[in-house]
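Chain by chain, the residues:
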Amino acid sequence: MHRTKSLLLLRTYAPHRITTLRHQHQRRPMSTIPDKPPPSASPHAQFYSDMLPNMVPIALLGSALFLGLRLLQGTLSHERYLDEATAKVAALEREVEVLRAQRAASPSVLDPPPHGEPTSRRLWFW
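Here the structure is a predicted model, which is why all the values come from computation and not from measurement.

1. As for the overall build of the chain
Within the chain one finds two helices and zero strands. Of the roughly 13,100 Å² of accessible surface on the chain, 66% is carried by carbon and sulfur atoms.

Here it is as structure tokens:
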């Protein structure tokens, strides 16, 4: 009799306990009260949720403007460098022409002697 009574108790309470444990995650927690509204957002969260969507186009426009001006500055700087380099090359070419004209007008000591004359210079190791 004792065994039948425990078996009857087991059959009575066991399936309920198993289903309760199995479906426990679907229950709502006891701490939440359904009549209470959800908490409102903090002032900081409200500020950023209002401002952030409006700031994205401004940030994109500012970045595009900055990159465009930076490209323009680089282009103008390179153009100025090319102008200065061209002017310097032209000045050096004029200087070379003047030196060639001076060299043609007066023979220098550094000019090699004609082929028939012996050279008086000797190398130090001969």
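Structure's up, so let's keep going.
2. Regarding the pattern of salt bridges
By the definition in use, this model includes two salt bridges. For R80, the salt bridge is made with E84, and the minimal N-O distance between the two is 4.0 Å. Within this pair, R80 and its partner E84 are both found in helix α2 (residues 43-105), separated by four residues, close to a single helical turn. Between R100 and E97 there is a salt bridge; the shortest N-O distance is 3.9 Å. In this pair, R100 and E97 are both assigned in helix α2, three residues apart and thus about one turn of the helix distant.

3. So, a nonpolar patch on the surface
Together, F47, Y48, M51, M55 and I58 give the surface a local cluster of nonpolar side chains, amounting to about 520 Å² of exposed area. In this fold, M51 is placed in helix α2.

What counts, and where the lines are drawn
- Residues numbered from 1 in each chain as written.
- Predicted model: local features only at pLDDT ≥ 70, side-chain atom pairs only at ≥ 80, totals over all residues.
- Heavy atoms only, no water.
- Helix = DSSP H or I, 4+ residues; strand = E, 2+ residues; numbered from the N terminus.
- Areas by Shrake-Rupley, 256 points an atom, 1.4 Å probe, with all protein chains shown as cover.
- Salt bridge = Lys/Arg side-chain N within 4 Å of Asp/Glu carboxyl O.
- Patch = residues over 30% accessible without salt bridge, like charges linked within 9 Å, V, L, I, M, F, W, Y side chains within 5 Å.

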